Amino acid sequence: SKGNHRHYMIKEIYEQPIVVAQTLRSYLQRIDDTLTLPIPDFDLSAIRRVTIVACGTSFYAGMIARYWFEQFARVPVDLDVASEFRYRAPVIEPGGLALFISQSGETADTLAALRHARKEGQKIAVVVNVPTSSMAREADLLLPTYAGPEIGVASTKAFTCQLAVLAALAANLARAKGRLTPEDEHAVVKHLSEAPAALNAALAYEDTIKGVAADVAMARGVLYLGRGTDYPLALEGALKLKEISYIHAEGYAAGEMKHGPIALIDENVPVIVIAPSGRLFEKTVSNMQEVQARGGKVVLISDYDGIQEAGSGCLATITMPKVHPLIAPLVYSVPVQLLAYHVAVTKGTDVDQPRNLAKSVTVE
Ligand code: M6R
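Just so you know, the residues in each chain are numbered from 1, in the order the chain's sequence is written. In view of the model being predicted, local features appear only for residues whose pLDDT reaches at least 70, and side-chain atom pairs are presented and counted only at 80 or more, with totals across whole chains, interfaces and linings using the full set of residues. Only hydrogens and water are set aside; all other atoms, that is, all heavy atoms of the structure, feed into the side-chain values.

(A) Structural detail: the overall build of the protein. Within the protein, the secondary structure is distributed over 14 helices and 12 strands. The globule rule is 2.2 Å times the number of residues to the power 0.38, and the radius of gyration it is compared with is taken over C-alpha atoms. Computed over its C-alpha atoms, the radius of gyration of the protein comes to 20 Å, within 12% of the 21 Å expected for a compact globule of 364 residues. Seen through its principal axes, the protein has C-alpha atoms that stretch 55 × 45 × 45 Å. Of all 364 residues assigned to the protein, the portion counted as buried reaches 57%. Residue contacts follow a heavy-atom distance rule, with two residues in contact if any of their heavy atoms lie within 4.5 Å. In the protein, the proportion of contacts linking residues at least 24 apart, taken out of those at least 6 apart, comes to 75%. Here the Shrake-Rupley method, with its probe set to 1.4 Å, supplies the accessible areas, and only the displayed protein chains count as covering residues. Summed over its atoms, the accessible surface of the protein is roughly 14700 Å², and 51% of this surface lies on carbon and sulfur atoms. The charge count treats Lys and Arg as positive and Asp and Glu as negative. His and the chain ends do not count. Charge positions come from single atoms, namely NZ of Lys, CZ of Arg, CG of Asp or CD of Glu. Computing the positive centroid from 35 side-chain charges and the negative centroid from 39, the protein places the two 2 Å apart. Labels follow the DSSP assignment, with helices taken as runs of H or I lasting at least four residues and strands as runs of E lasting at least two, numbered in each case from the N terminus. Only protein chains enter the accessibility calculation, which uses a 1.4 Å probe; a residue is then buried when its area is under 20% of its type maximum, exposed when over 50%, and partly exposed in between.

(B) Highlighting the sheet that holds strand β12 (residues 316-320). With parallel pairing, the 5 strands of this open sheet are ordered in space as β9-β8-β10-β11-β12. The open sheet has two edge strands, β9 (248-253) and β12, and neither has a second partner. Direction aside, neighbouring strands of the sheet carry axes that sit 15 degrees apart on average. Only C-alpha atoms enter the line fits that serve as axes; for helices the fit covers just the stretch in contact. Angles between N-to-C directions range over 0 to 180 degrees. Contacts from helix α14 (residues 328-347) reach β8 (221-226), β10 (271-274), β11 (298-303) and β12, with the element oriented near 150 degrees to β11. Strand pairing requires that DSSP identify at least two bridges connecting the strands.

(C) Spatial organisation of the site of the ligand. We call a residue near a given molecule or strand whenever any one of its heavy atoms falls within 4 Å of it. The local shell around the ligand holds 14 residues, among which S58, S102, Q103, T107 and E243 are the closest. Between the ligand and S102 there is a distance of 2.6 Å, counted from an oxygen atom to a side-chain nitrogen or oxygen. Counting of polar contacts relies on pairs of N or O atoms within 3.5 Å, with two restrictions inside protein: one atom must be capable of donating a hydrogen and the other of accepting it, and residues adjacent in sequence are counted only when both atoms are side-chain atoms. Note that a nitrogen atom of the ligand is positioned 3.1 Å from one of the backbone N or O atoms of V153. Expressed as a share of its isolated accessible area of 410 Å², the protein-covered part of the ligand is 92%. Mapped by element, the contributors of at least two residues to the shell around the ligand are α3 (56-73) and α11 (230-245). Residue classes in the shell around the ligand are distributed as 4 nonpolar, 8 polar and 2 charged. Lys, Arg, Asp and Glu make up the charged group, whereas Ala, Val, Leu, Ile, Met, Phe, Trp, Tyr, Cys and Pro make up the nonpolar group; the residues left over, Gly among them, are polar.

(D) View of the pattern of salt bridges. Any Lys or Arg side-chain nitrogen located within 4 Å of an Asp or Glu carboxyl oxygen qualifies as a salt bridge. Counted by the stated rule, this structure contains 17 salt bridges. Between R49 and D78 there is a salt bridge, with the nearest N and O atoms lying 3.3 Å from each other. Taken together, the residues R49 in the loop between β2 (34-35) and β3 (50-54) and D78 in strand β4 (residues 77-81) connect sequence positions 29 residues apart. Classification of R49 as partly exposed rests on a relative accessible area of 32%. Ionic contacts of the salt-bridge type, sharing partners, join the residues K11, E15 and K157 into one network.

(E) Representation of the layout of surface pockets in the model. Detection works on a 1 Å grid of protein atoms alone, calling trapped sets that fit a 1.4 Å probe cavities and calling open sets with protein on both sides within 12 Å along at least five of seven lines pockets, with lining residues defined by an atom within 4 Å of a point. Grid points are joined across faces, edges and corners, and a volume is the space filled by probe spheres set on the points. Empty space within the largest pocket amounts to approximately 700 Å³. Looking at the largest pocket, it is lined by 32 residues, and the ones nearest its centre are Q71, T229, R279, P325 and L326. Elements with a contribution of two residues or more to the lining of the largest pocket: α3, α8 (182-193), α12 (281-293) and α14. Partitioned by chemical class, the residues of the lining of the largest pocket number 17 nonpolar, 8 polar and 7 charged. In this model, the second largest pocket occupies a volume close to 540 Å³. Taken together, 29 residues form the lining of the second largest pocket, with C55, G56, T57, K359 and V361 sitting closest to its centre. Breaking the lining of the second largest pocket down by element, the ones donating at least two residues are α3, β5 (97-102), α5 (108-119) and α11. Tallying contributions element by element places α3 first for the lining of the second largest pocket, with 5 residues. Of the residues in the lining of the second largest pocket, the class split is 13 nonpolar, 12 polar and 4 charged.

(F) Representation of the packing of aromatic side chains in the model. Aromatic rings from Phe, Tyr and Trp, with only the six-membered ring used for Trp, were paired whenever their centres fell within 6.5 Å, and each pair was classed as stacked if the ring planes differed by under 30 degrees, edge-to-face if by over 60, and tilted otherwise. Throughout the structure, instances matching the rule amount to 1 aromatic pair. Comment: the charge-over-ring label is applied if NZ (Lys) or CZ (Arg) is within 6 Å of the ring centre and within 35 degrees of the ring normal. One cation-aromatic arrangement involves K123 over F42; the distance from NZ or CZ to the ring centre is 5.7 Å. The ring centre of Y246 lies 3.8 Å from the NZ or CZ of R355, which sits over that ring.

Read these as geometric descriptors, not functional statements.
Here it is, written out as structure tokens:
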């Protein structure tokens, strides 16, 4: 049931601190602050390549995971949407890990890609929320998320739980490859276990976001910009807004702005900039200023330091708690989800059952 909530989507957004904590319990051992997997003796040390395949929001989780696999484990990653994967004659060397990400575990394209990868001699890892699903049954390495049933068509809590599992998997792979010292491992465990509290803190900004939503609801189109792991989050923000509010939205890598999309900028196209302070902040801010110089209205989602530095001149700012970069994608998902939700509510669309969409896409 929806409990006190008006829609399943908002209920599921609010469940995130609890379900992420629940999910992490199978991947972190707090007794000695070490990482673990549901199948602890699964040998990852020989993996030389990871192929990630998924659709929609689950694909964006995979896109974020690519940064982690490369950064921590130094393992090359192939990434594709499932509906393209099989048809581009992918070069898959035997002995790799093929990783499929799916809330439902039944998405037809992803399942077909899984079967193709098995024929190509890959080990099959599956991050899935429905434990009885086809993908769960066909996995060599089953990596469950414990988000509980997700009813809203727009995926929210499944996404943040996927991110939690993928961060833990990337760190496990790094350890198996001898690239994670025990100190690094303790640090990863510590950062991941801070995610639930940080998600809670992020949820506290719902009222600010409601205010921003009133402006965004009037827009002709919306752009989302981010760099690094915030780039897939920009894509996810745009997808979420399109799905439930029917406003056209695009996500871009912030640096790609000036290669075309900047032509769209005027006062009727709000630009949502996702930019926690840190390594990539200055670069993203300069892209944001390019937007502002052309009369674009910016909503900056950052932490206190980032907003102090770059928040003036924005249409609105949304302050996130200051968190470690590893968990930033989980935390910054919250304002992105809440914004889409409140824009849809403002417009009066059917939030949980948007037109033309099905929760589980079982045709190719
Ligand atoms: O069940 P799956 O994770 O395999 O579903 C994949 C996509 O169909 C799904 O994420 C879709 O994009 C959602 N409606 C996004 O909110």
